[in-house]
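Spelled out, the chains give:
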Amino acid sequence: MDASLEKIADPTLAEMGKNLKEAMRMLENSPSGQDMVSILQLVQNLMHGDEDEEPQSTRIQNIGEQGHMALLGHSLGAYISTLDKEKLRKLTTRILSDTTLWLCRIFRYENGCAYFHEKEREGLAKICRLAIHSRYEDFVVDGFNVLYNKKPIIYLSAAARPGLGPYLCNQLGLPFPCLCRVPCNTMFGSQHQMDVAFLEKLIKDDVERGRLPLLLVANAGTAAVGHTDKIGRLKELCEQYGIWLHVEGVNLATLALGYVSSSVLAATKCDSMTLTPGLWLGLPAVPAVTLYKHDDPALTLIAGLTSNKPADKLRALPLWLSLQYLGLDGIVGRIKHACQLSQRLQESLKKVDHIKILVEDELSSPVVVFRFFQELPTLDPAFKVAAVSNIAAAAVGRERHSCDALNRWLGEQLKQLVPQCGLTVMDLDIDGTCVRFSPLMTAEALGTRGEDVDQLITCIQSKLPVLTCTLQLREEFKKEVEGTAGLLYVDDPNWPGIGVVRYEHANDDNTSLQSDPEGEKIHTGLLKKLNELESDLTFKMGPEYKSMKSCIYIGMASDDVDVSELVETIAITAREIEENSRLLENMTEVVRKGIQEAQVQLQKANEERLLEEGVLRQIPVVGSVLNWFSPVQASQKGRSFNLTAGSLESTEYTYVYKVQGTGVTPPPTPSGTRSKQRLPGQKPFKRSLRSSDAVSETSSVSHIEDLEKVEQLPSGLEHDNLEAQCPEQPCRAADPVARQTEALQDEEDDHSQMGTRVRRLKV
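Conventions we followed
- Residues numbered from 1 in each chain as written.
- Predicted model: local features only at pLDDT ≥ 70, side-chain atom pairs only at ≥ 80, totals over all residues.
- Heavy atoms only, no water.
- Helix = DSSP H or I, 4+ residues; strand = E, 2+ residues; numbered from the N terminus.
- Areas by Shrake-Rupley, 256 points an atom, 1.4 Å probe, with all protein chains shown as cover.
- Axes fitted to C-alpha atoms, helices over the stretch in contact; angles between N-to-C directions.
- Parallel < 35°, antiparallel > 145°, perpendicular 65-115°, else oblique.
- Left-handed = near helix turned anticlockwise from the far one by under 90°.
- Contact = heavy atoms within 4.5 Å.
- Nonpolar A, V, L, I, M, F, W, Y, C, P; charged D, E, K, R; others polar.
- Pairing = 2+ DSSP bridges.
- Phe/Tyr/Trp six-rings, centres within 6.5 Å; stacked < 30°, edge-to-face > 60°.
- Buried < 20%, exposed > 50% of the residue type's maximum accessible area, 1.4 Å probe, protein only.
- Lys NZ or Arg CZ within 6 Å of the ring centre and 35° of its normal.
- Core = buried A, V, L, I, M, F, W, Y, C linked by side-chain atoms within 4.5 Å.
- pLDDT = per-residue confidence, 0-100.
- Salt bridge = Lys/Arg side-chain N within 4 Å of Asp/Glu carboxyl O.
- Polar contact = N/O pair within 3.5 Å; in protein donor to acceptor, adjacent residues only side chain to side chain.
- Patch = residues over 30% accessible without salt bridge, like charges linked within 9 Å, V, L, I, M, F, W, Y side chains within 5 Å.
- Expected span 1.5 Å × (residues − 1).

Quick word on the overall build of the protein
Assigned secondary structure in the protein consists of 28 helices and 17 strands. Carbon and sulfur atoms make up 55% of the accessible area of the protein, which totals about 44300 Å².

Side note on the packing of helix α6 (residues 122-135) against helix α9 (residues 164-172)
Contact geometry of α6 with α9 gives a least axis separation of 10 Å together with a crossing angle of 55°. It follows from the interaxial angle that α6 and α9 lie oblique. Crossing angle aside, the handedness with which α6 passes α9 is right-handed. On the side of α6, the interface is formed by Glu 122, Leu 124, Ala 125, Cys 128, Arg 129 and Ile 132, while α9 contributes Leu 164, Tyr 167, Leu 168, Gln 171 and Leu 172. Residues that form the contact of α6 with α9 fall into these classes: 8 nonpolar, 1 polar and 2 charged.

Observations concerning the sheet that holds strand β7 (residues 288-292)
Overall, mixed pairing links the 7 strands, which are arranged β1-β7-β6-β5-β4-β2-β3 in an open sheet. Only two strands of the sheet have a single partner each, and these edge strands are β1 (113-117) and β3 (179-182). Sheet twist, expressed as the mean angle between neighbouring strand axes with direction ignored, is 20°. Where strand β2 (residues 152-157) meets strand β4 (residues 212-219), 5 bridges bridge the pair, whose relative direction is parallel.

Details of the packing of aromatic side chains
Each aromatic ring pair is characterised by the separation of its centres together with the angle its planes make. Counted by the stated rule, this structure contains 4 aromatic pairs. Here Trp 495 and Tyr 553 contribute two aromatic rings whose centre-to-centre distance is 5.0 Å and whose plane-to-plane angle is 65°, an arrangement assigned as edge-to-face. One end of the pair, Trp 495, is in the loop between β12 (487-490) and β13 (499-503); the other, Tyr 553, is in strand β15 (residues 552-554), with 58 residues separating them in the sequence. By the burial criterion, Trp 495 is buried, and Tyr 553 matches it. Positioned over the ring face of Tyr 167 is Arg 121, at 4.4 Å from the centre of the ring.

As for the nonpolar core
Residues Tyr 155, Leu 199, Leu 216, Val 247, Leu 252, Met 273 and Ile 335 are the most contacted members of the largest nonpolar core, which totals 70 residues. For Tyr 155, the residues in contact, after removing those within four places along its chain, are Cys 180, Val 182, Leu 199, Leu 202, Ile 203, Asp 206, Pro 213, Leu 215, Leu 216, Val 217 and Ile 243.

Let's talk about the sheet that holds strand β8 (residues 355-357)
By definition, the strands of a sheet pair up through backbone hydrogen bonds, in either a parallel or an antiparallel sense. Spatial strand order, β8-β9-β11-β10: 4 strands in an open sheet with antiparallel pairing. Strands with a single pairing partner mark the edges of an open sheet, and in this sheet they are β8 and β10 (424-428). Neighbour-to-neighbour, the strand axes of this sheet turn through a mean angle of 35°, independent of strand direction. Along the sheet face, helix α16 (residues 317-349) touches β8, β9 (368-372) and β11 (432-437) and points at about 25° away from the line of β9.

Observations concerning the pairing of β9
If a strand is regular, its side chains alternate between the two faces of the sheet. Burial of β9 is extensive: 5 of the 5 residues sit out of reach of the surface. Along β9, one buried face is formed by Val 368, Phe 370 and Phe 372 and the opposite face, lined by Val 369 and Arg 371, is buried too. Strand direction decides the pairing type here: β9 and β11, joined by 3 bridges, are antiparallel. Its bridge partner lying in β11, Val 368 is registered against Phe 437.

Thoughts on the confidence of the model for the protein
Mean pLDDT for the protein: 77, with 69% of residues reaching 70 or above. This stretch, residues 378-389, has a pLDDT under 50; its non-local contacts, to residues over four places away or in other chains, come to 10 contacts. This stretch, residues 664-675, has a pLDDT under 50; its non-local contacts, to residues over four places away or in other chains, come to 20 contacts.

Thoughts on the pattern of salt bridges
Per the stated rule, a full pass over the model turns up 15 salt bridges. A salt bridge links Asp 98 to Arg 94; the shortest N-O distance between them is 2.5 Å. Placement of the pair is Asp 98 and Arg 94 together in helix α5 (residues 85-106), with a separation of 4 residues, close to one helical turn. A salt bridge links Arg 371 to Asp 404; the shortest N-O distance between them is 3.3 Å. Placement of Arg 371 in strand β9 and of Asp 404 in helix α18 (residues 390-417) is noted, with a sequence separation of 33 residues between them. Residues joined in a network through salt bridges with shared partners are Glu 120, Arg 161 and Glu 248.

Things to note about unusual backbone geometry
Look at Arg 108: it is not a glycine, yet its phi comes out positive at around 60°. Note on placement: Arg 108 falls in the loop between α5 and β1. One non-glycine residue, His 354, adopts positive backbone phi at about 65°.

Points about the side chain of Thr 99
Mapped onto the secondary structure, Thr 99 falls in helix α5. Residue class for Thr 99 comes out buried when judged on its relative accessible area of 0%. Only 2.8 Å separates the side chain of Thr 99 from the backbone oxygen of Ile 95, close enough to count as a polar contact. Excluding residues that lie within four positions of it along the chain, Thr 99 makes contacts with Phe 116, Ala 316, Leu 319, Trp 320 and Leu 323.

Description of a nonpolar patch on the surface
Side chains of Ile 39, Val 43 and Met 47 sit close together on the surface and give an oily, nonpolar patch of about 240 Å² of accessible area. Note that Met 47 resides in helix α3 (residues 36-48). You can call Met 47 partly exposed: its relative accessible area is 44%.

Some remarks on the pairing of β7
Burial within β7 is extensive, with 5 of its 5 residues counted as buried. In β7, alternate side chains face the same way, and those of Ala 288, Thr 290 and Tyr 292 on one face and Val 289 and Leu 291 on the other are all buried. As judged from the 4 bridges shared by strand β6 (residues 272-275) and β7, these two strands associate in the antiparallel manner. Looking across to β7, one finds that Ser 272 is bridged to Tyr 292.

Remarks on the packing of α5 against α16
Packed helix pairs are specified by the crossing angle of their axes together with the interaxial distance, meaning the distance between the axes. Running from N to C, α5 and α16 point in directions that differ by 35°, and their axes come no closer than 10 Å. Remark: the crossing between α5 and α16 carries left-handed chirality. Along the contact surface, α5 presents Ile 95, Asp 98, Thr 99, Trp 102, Leu 103 and Ile 106, while α16 presents Leu 317, Leu 319, Trp 320, Leu 323, Gln 324, Leu 328 and Ile 331. For the contact of α5 with α16, a count of residues per class yields 10 nonpolar, 2 polar and 1 charged.

Overview of the side chain of Ser 157
You can see Ser 157 is positioned in strand β2. By relative accessible area, which is 0% here, Ser 157 ends up buried. A distance of 3.1 Å separates the side chain of Ser 157 from the backbone nitrogen of Ala 159, its partner in a polar contact. Among all residues touching Ser 157, those that are not within four sequence positions of it are Arg 181, Val 182, Cys 184, Met 194, Val 217 and Asn 219.

Thoughts on α9
Among the residues of α9, those classed as buried are Leu 164, Gly 165, Tyr 167, Leu 168, Cys 169 and Leu 172. Buried residues in α9 make contact with α6, β2, β3, β4 and β5 (244-248). Looking one or two residues past α9, Gly 173 carries a phi angle of roughly 70°, positive in sign.

Observations regarding α5
Taking 1.5 Å per residue, 22 residues should reach 32 Å; α5 reaches 32 Å between its end C-alpha atoms and fits that length. Downstream of α5 by a residue or two, Arg 108 has a phi angle that is positive, lying close to 60°.

Structure below.
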């Protein structure tokens, strides 16, 4: 079976097969059962796995005492379910009523009922069933026929959670045309708030067509940005047309605070709302809660909001224990701490340049969404607003994609540097790629503090120079590549770096997107050479996105990158790799022809030796006798293959003079990169000192030091040292003591050199 598992290509199926084999082995090895210690040890091994292979992040997080209290509720619920029916009924009724009362008091929802559910969207589906039973009196008897004659309409905001509408249709058995998406404000107000005037128009149109406006889902904090709809106006509109109003969102947590904004406070007058106290308070395995107002217990029972089963009522037990453990001050304190973290980040981001906050009008929102943004000087703002031409629109589109790629890179960097903040990177239709900070959903689980927010601000400020410089160097890099022969600029807006470049070799077919082995070989060598330079830039080889051709992806850059040197280095290095590759191919062909020529010459040499020595000398016994009486004075003839010249040469010179011949001098190897003088410790692609005054000042200081050294020399050696420091001979020693010692040693060893040196010094 092990061999068969190894042949399975799909890792999921292979893992399933291994688990099945392990399960069967455990069952066969312990037919009489196992003790509790062995079973718990097995569970521990399954939870943690191999400590050497599994990362530490897979271990159970530190959930604290309040988390243990919530988890204790699940085990207590199982024990409580074993009580007799009367005691169980009294206990579950008490737990359910206490939890409902506490939640209604904490979140200012008077005279409400509570439905506890594991899935967050399950409560809204039950509310929709209750609304259908309330508006269609004959629905229990006629069922689908009632809905067919008067189709119900459920209104959702365009900023609602993805997949919410299809989920409701699947749960209720309704067709998708029963959903109506209400657009958000585009001209006035927030871009993420529901357009109330347009909603009223939609409702009037549905009424005229014989449809029944059933339910409206409003947001008190959208899932993406955290905006709150105008719930007060929406409530008035729903009362006018008899529509059920349901509110959900993270901003509902602020109802527990002393000060609540008027838009969120209006949610207390709605027909129902969904709360997630487990996420807000950092409580694991705690159910979500849907609070609603309805007077008919029979309809709530039919809709599934109430149940006579004790197990359903025991769902509130973990929350019942947690609320008592935290107390009112603990609950309010945690929500207040999350809101303070958001306000702290928002106030700090307002002081940072090139950062745009998307929730500026929501002063009480516990969600902060921001993105990096910079106006490029190459683009006219009038073109951006009007977009009167295709060129201007394309330029704005490239700028948008470039900023999105940089924001995606920024978000990933911040997530790694400050993991305690629980940041998420998301894509918005209007604003593009953004970074979201929602401490109400993550602060308690991650232990976020005010110092973490300050560290986040520091990290953002440290990354801004790289972002602004990279965005500015993109256009310069594009112009340099387009002006360099042999290089092709690849427009890939999804790459968060300076840009993408491809080398066009001699046999490159630009019209084809098929794989290019020769180009891939050249780019592989080019990538290796660039990484060996040990610069601050990062280089990667594609294709990584759409193109099938091999490309060089250049990463983020600082403000002192010499783009012209970078492009020139890439072009020259790629050209050298291509030339060396062709030289190797040509050398292979030359060697092959040389071997063939050597074989022909060896055959001719054997024939000449046979004619010169005669046939008799080739016989073993006779040839030995003849050679003893009359030795043959044959000249040593040989051939050597010169790789440089690519030809066969005679070895007579080697045998006569006992010296290996030098042959033809090989051509000099072309230099790869342009020779650029760098300061000590300066890395490649770094700009030199931009100030000419600094250069002249450095030159003056070095010149003065040279003069001081000359004045300290003996009179006979001044001219020699000046000659040693001449720019035409930079490699000679400049130390006067060492130079004098060397001169004296030369005079003692060689009198002729001394005489020559004295004559030169006199001149």
